[in-house]
Amino acid sequence: MAVLITGGGTGIGRACAERLAADGAAVTISGRTESSLASAAELIAAAASAGGHGGSVQYIAGDVTEEVDVQQMVAKALEPTGSLNGCIANAGGSRGLGPYHLTDTKAFIETLHLNVVGTMLCLKHTVAHMVAAGGGSFIGMSSIAGYVTHPHFGAYTVSKAGIEQMMRNAADEYGPVGVRCNAIRPGFIATEIMEGIPRDSPTYDSYISNTPMNGTGEPEDVAALARFLIGSDSRWITGVSIAVDGGNGLRRGPDYGPFLEPFLGADVMLAKRPFEP
């Protein structure tokens, strides 16, 4: 089995790559920072060796918002076996937080481009190879922010909801040729990016208090689901979005107000007065 994983140098992407390589997959990871990819490849190679199933890892630097880069990623992923069986479109992020009336339009568009267009480009350039392989599995990385309101998350919530709808449409389009498309909705996962939230802050407390399982997830929790969705045990599952959030989606999203208020001011956040830098 050959699988392409974007955003594979850190966090969830790296954990997915480790799990699949340990199972024997030929994994290709991509990302924008070559040094992170090289470090990740060492860890993934160790997991592959420990797994004892002949898995492997290679990497290629690139940007999922650039179509030529995505084409090169896919070409690289074809090298080990000559085919492609799965893709985890994990690369994504946000260009800023804040109320919509303070949102920088360029940053909003860049977030949509990164998350939605980046995922679309991965689908566009992998699906034919999965069809040629007799079928395959495509995973779009959504978020609890894609279905539970996250005030002040701006374009991020819109983009993640867009990924989920893309996966539903793609599942309908490509089901007849054996390609399954699903989304994963991670909650608060202890990745590098989430380390920016102080553990003694009201924002962190709002995550925990709204999580029935009373804690945070690990990248390996998401990787376990990705492994299932990529593999044949999920052969009759397509067009769904599955949460890995400790039950957070049963309640409400986090409160980022206390996180932003010291920088913006309460009246500014509520549009009661203009922002003055």
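Residues numbered from 1 in each chain as written. Predicted model: local features only at pLDDT ≥ 70, side-chain atom pairs only at ≥ 80, totals over all residues. Heavy atoms only, no water.

Peer 1: Would you mind going over the pairing of strand β1 (residues 2-6) with me for this structure?
Peer 2: Along any regular strand the residues' side chains alternate between the sheet's two faces. Within β1, five of the five residues are buried, leaving the element largely enclosed by the surrounding structure. Handedness of the β-α-β unit built from β1, helix α1 (residues 11-22) and strand β2 (residues 26-31) comes out right-handed. Where β1 meets strand β4 (residues 86-89), four bridges bridge the pair, whose relative direction is parallel. The residue of β4 that forms the bridge with I5 is I88. (Buried < 20%, exposed > 50% of the residue type's maximum accessible area, 1.4 Å probe, protein only. Helix = DSSP H or I, 4+ residues; strand = E, 2+ residues; numbered from the N terminus. Right-handed = clockwise from strand over helix to strand, strands pointing away. Pairing = 2+ DSSP bridges.)

Peer 1: What's the story with the pattern of salt bridges in this structure? I'm lost.
Peer 2: A side chain of one charge can pair with a side chain of the opposite charge when the charged atoms of the two come close. All told, the structure shown has seven salt bridges when counted by the stated rule. We note a salt bridge from K106 to E110, for which the minimum N-O separation is 2.5 Å. With K106 and E110 both in helix α4 (residues 105-132) and four residues apart, this pair spans about one turn of that helix. Across the pair E164 and R185 runs a salt bridge whose closest N-O atoms are separated by 2.8 Å. You can see E164 sitting in helix α5 (residues 155-174) and its partner R185 sitting in strand β6 (residues 179-186), a full 21 residues away along the chain. Taken together, the salt bridges that share partners define one network made up of R95, K106 and E110. (Salt bridge = Lys/Arg side-chain N within 4 Å of Asp/Glu carboxyl O.)

Peer 1: In this structure, what is going on with the side chain of S142? I would like to understand it.
Peer 2: Note on placement: S142 falls in the loop between β5 (136-141) and α5. Excluding residues that lie within four positions of it along the chain, S142 makes contacts with K160, E164, A183, I184, R185 and P186. (Contact = heavy atoms within 4.5 Å.)

Peer 1: Help me understand the state of the cysteines in this model?
Peer 2: Two cysteines form a disulfide when their sulfur atoms are joined by a covalent bond. Per the stated rule, a full pass over the model turns up zero disulfides. Of the cysteine sulfurs around C122, a residue in no disulfide, the closest is that of C87, at 4.8 Å. (Disulfide = S-S within 2.5 Å.)

Peer 1: Help me understand the packing of aromatic side chains, please; the structure alone is not making it clear to me.
Peer 2: For any two aromatic rings, the description comes down to two numbers: the centre-to-centre distance and the angle of the planes. A full pass over the atoms with the stated rule returns six aromatic pairs. Plain terms: the ring middles of F153 and Y156 are 5.9 Å apart, the flat faces sit at 70° to each other, and that makes the pair edge-to-face. Each member of the pair F153 and Y156 is classed as buried. Relative to F259, the ring of Y256 has its centre 5.6 Å away and its plane inclined at 70°; by these criteria the two rings are edge-to-face. With relative accessibility at 26%, the residue F259 sits in the partly exposed group. Clustering of aromatic rings is evident, with ring pairs tying together F153, Y156, F188, Y204, Y207, Y256 and F259. Just above the ring of Y147 sits the side chain of R185; from NZ or CZ to the centre is 3.7 Å. (Phe/Tyr/Trp six-rings, centres within 6.5 Å; stacked < 30°, edge-to-face > 60°. Lys NZ or Arg CZ within 6 Å of the ring centre and 35° of its normal.)

Peer 1: In this structure, what is going on with the pairing of β5? I would like to understand it.
Peer 2: With six of its six residues buried, β5 lies for the most part within the structure. A two-sided burial pattern is seen for β5, the buried positions comprising G136, F138 and G140 on one face and S137, I139 and M141 on the other. In the sheet, β4 pairs with β5 via four bridges, with the strands oriented parallel. Residue pairing across strands places A89 opposite G140, the latter belonging to β5. For the crossover that starts at β4, traverses α4 and ends in the parallel β5, the hand is right-handed. As defined by bridge partners, β5 adjoins β6 across six bridges and the pair is classed as parallel. Directly across from F138, in β6, lies its bridge partner C181. For the handedness criterion, the β-α-β arrangement of β5, α5 and β6 is classed as right-handed.

What is shown is where atoms sit, not what they do.
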